[in-house]
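One-letter residues, chain by chain:
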Amino acid sequence: MPGTETGPLVRLDATRGPYGAAVDWLTEHRPRIREAVARNGAVLVRGLRLDDRATAVAALGRVIGDPLIEREGFAPRDVYGQGVYSSSHWPADQPMCMHHELSYAPSAPRLMAFACLTPPAEGGITATADSRAMLRDLPPDLVARFERHGWRLTRHYNPFVGITWQDAFGTDDPAVVDRYCAEHDIEARWDADGALRTAQTRPAVVRHPQTGERCWFNQIAFLNEWTMAPEVREFLTAEFGPEGLPFNTFCGDGTPLDRATVDLVNEVYERHTVREPWQRGDLLVIDNVRTAHSREPHRGEREIVVGLGEPFRP
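So, a few notes on the structure that sits alongside this text.

About the cut-offs
- Throughout this document, residue positions are counted from 1 along each chain, in the order its sequence is written.
- Restriction of local features to residues with pLDDT of at least 70 applies here, the model being predicted, together with a cutoff of 80 or more for giving and counting side-chain atom pairs; totals for whole chains, interfaces and linings are based on all residues.
- The side-chain figures draw on all heavy atoms in the structure; neither hydrogens nor water molecules are used.
- Throughout this description, the term nonpolar core refers to a set of buried Ala, Val, Leu, Ile, Met, Phe, Trp, Tyr and Cys residues connected via side-chain atoms within 4.5 Å.
- Relative accessibility thresholds used throughout: buried, under 20% of the residue-type maximum; exposed, over 50%; partly exposed, between the two (1.4 Å probe, protein chains only).
- The contact criterion used throughout is that any non-hydrogen atoms of two residues lie within 4.5 Å.
- Two kinds of site are reported from a 1 Å grid over the protein atoms alone, namely cavities, where a 1.4 Å probe fits but cannot get out, and pockets, open sets with protein on both sides within 12 Å along at least five of seven lines, and residues are called lining when an atom falls within 4 Å of a point.
- Grid points are joined across faces, edges and corners, and a volume is the space filled by probe spheres set on the points.
- Put simply, DSSP marks the helices as runs of H or I at least four residues long and the strands as runs of E at least two long, and each gets a number from the N terminus on.
- Residue polarity follows a fixed list, in which Ala, Val, Leu, Ile, Met, Phe, Trp, Tyr, Cys and Pro are nonpolar, Asp, Glu, Lys and Arg are charged, and the others, Gly among them, are polar.
- Two strands qualify as a pair provided DSSP detects at least 2 bridges between them.
- Axis definition: a line fitted to C-alpha atoms, over the contacting stretch in the case of helices. Angles run 0 to 180 degrees between N-to-C directions.
- One speaks of a salt bridge when a side-chain nitrogen belonging to Lys or Arg is within 4 Å of a carboxyl oxygen belonging to Asp or Glu.
- Throughout, the term roughly parallel applies to angles under 35 degrees, roughly antiparallel to angles over 145, roughly perpendicular to angles from 65 to 115, and oblique to all others.
- Whether a crossing is left-handed or right-handed is set by the direction in which the near helix is turned from the far one by less than a right angle, anticlockwise for left-handed and clockwise for right-handed.

Digging into the nonpolar core
Okay, step 1: One finds Phe 74, Tyr 104, Phe 114, Leu 138, Phe 146, Trp 216 and Tyr 269 to be the most contacted residues of the largest nonpolar core, which totals 57 residues.
Okay, step 2: When neighbours within four sequence positions are excluded, Tyr 104 is seen to be in contact with Glu 72, Gly 73, Phe 74, Trp 151, Leu 153, Arg 155, Gln 200, Arg 202, Gln 219 and Leu 223.

Set out below in structure tokens:
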């Protein structure tokens, strides 16, 4: 199984085999894949035969270890198995900026894997960026501010835009949601129309659960109002008011973020972004703490199956 290093992304070439061989191949080579992810932060396995969704789901199950059941997702997904989902249902013409999956939740996946069944006709790359490099290149005063205060996420769950609170929390019982929020330091408030508003403050810099390295680990830029397309932000603000956006981010002390700060974070991400276009059968495995990821706009059908594993508490 030869490997090719491409900066922080290592590519491993799998030998094509008969139908169903991908799962056996991954079982055999899982130790090397995990070692490469631990060393480099991201590994792309190319050449697997992932002919259908069932094979992709089984393949991801062999890679992700202990599955994580998603709670508090910010976009709908289809559930395919324990810890295995469709990619987020997000408009094809809108980017999903660099972020660390579920960095705002009480439990986040340390490991993520993406299996490509249908590559898009154009775009749609799942790009990666090194969170340790982010810490090195962001202005020290900005890092110190967020390391001291953390970051704050506000959400407005409503039936018109984004994910519903029922899907986000896996229940239709408000009392269960209230209990979950109380247990996980989430402020929750119900509107008269049944909409839910939440706020939570989380660390922006964490220690890697295995290596102890400091990592920039958050979704400060992605979930901020200034990263939204201007026409989307204007429409949502007009429809729901400035406090009714489906999500927004602040410094942990409640201070709003200006456009310049959000743009700066995204610019530093761009300096460290690694892009590799999807090919059918690709399997991308990332360390979700060391490595941020994004999804670029695309044209044409795109099917990526996603696995979340090795839960940890940031």
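Quick notes on the layout of surface pockets
Okay, step 1: Here the largest pocket defines a volume of roughly 480 Å³.
Okay, step 2: Taken together, 24 residues make up the lining of the largest pocket; nearest its centre are Trp 90, Gln 94, Met 228, Val 232 and Phe 247.
Okay, step 3: Listing elements by their share of the lining of the largest pocket, those giving two or more residues are helix 7 (230–240) and helix 8 (259–271).
Okay, step 4: Class assignment of the residues belonging to the lining of the largest pocket gives a composition of 17 nonpolar, six polar and one charged.
Okay, step 5: Considering only enclosed or pocket space, the second largest pocket measures out at about 360 Å³ in volume.
Okay, step 6: In terms of lining residues, the second largest pocket is bounded by 20 residues, among which Thr 154, Arg 155, Arg 197, Thr 198 and Glu 243 are the most central.
Okay, step 7: Listing elements by their share of the lining of the second largest pocket, those giving two or more residues are strand 10 (151–157), strand 11 (187–190), strand 12 (196–202), helix 7 and strand 15 (247–251).

A word on the sheet that holds strand 9 (residues 128–130)
Okay, step 1: Judged by pairing direction, the sheet is antiparallel, and its three strands sit side by side in the order 6-17-9 without closing on themselves. The open sheet has two edge strands, strand 6 (96–99) and strand 9, and neither has a second partner. In this sheet, adjacent strand axes meet at a mean angle of 15° when their direction is disregarded.
Okay, step 2: Relative to strand 17 (residues 291–295), strand 9 runs antiparallel, the two sharing three bridges. Bridging across to strand 17, Ala 129 finds its partner in Ala 292.

A look at the sheet that holds strand 11
Okay, step 1: Ordered by their spatial adjacency, four strands build an open sheet running 11-12-10-15, and the pairing between neighbours is antiparallel. Each end of this open sheet is capped by a strand with a single partner; those strands are strand 11 and strand 15. Recorded for the sheet is a direction-independent mean angle of 15° between the axes of neighbouring strands.
Okay, step 2: The pairing of strand 10 with strand 12 spans seven bridges and is classified as antiparallel. Among the inter-strand pairings, His 156 is bridged to a residue of strand 12, identified as Arg 197.
Okay, step 3: Where helix 4 (residues 140–149) meets the sheet, its contacts fall on strand 10, strand 12 and strand 15, and the angle it forms with strand 15 comes to roughly 105°.

Some details on the pattern of salt bridges
Okay, step 1: Scanning the entire structure with this criterion turns up 19 salt bridges.
Okay, step 2: Two residues, Glu 122 and Arg 299, come together in a salt bridge whose shortest N-O distance is 3.1 Å. Highlighted residues: Glu 122 in strand 8 (residues 122–123) and Arg 299 in strand 18 (residues 298–299), separated in sequence by 177 residues.
Okay, step 3: One salt bridge connects Glu 225 with Arg 233, and the closest N-O pair in it is separated by 2.9 Å.

Thoughts on the packing of helix 1 (residues 21–40) against helix 2 (residues 53–64)
Okay, step 1: Two numbers describe how helix 1 lies on helix 2: the axes approach to 9 Å, and their chain directions differ by 25°. By the angle class used here, helix 1 and helix 2 are roughly parallel. In the crossing of helix 1 with helix 2, the sense of the turn from one axis to the other is right-handed. Between helix 1 and helix 2, the residues in contact are Ala 22, Val 23, Leu 26, Thr 27, Arg 30 and Arg 34 and Thr 55, Ala 58, Ala 59, Arg 62, Val 63 and Ile 64, respectively.
Okay, step 2: Of the residues belonging to the contact of helix 1 with helix 2, the class tally is seven nonpolar, two polar and three charged.

Thoughts on empty space enclosed by the protein
Okay, step 1: Enumeration according to the criterion identifies four cavities of 30 Å³ or more in this entry.
Okay, step 2: Put simply, the largest cavity is a space of about 160 Å³.
Okay, step 3: Lining the largest cavity are 16 residues, with Ser 87, Ser 88, Met 96, Phe 114 and His 293 sitting closest to its centre.
Okay, step 4: Of all elements in the fold, only strand 6, strand 7 (108–118), strand 17 and strand 19 (303–312) reach the threshold of two or more residues within the lining of the largest cavity.

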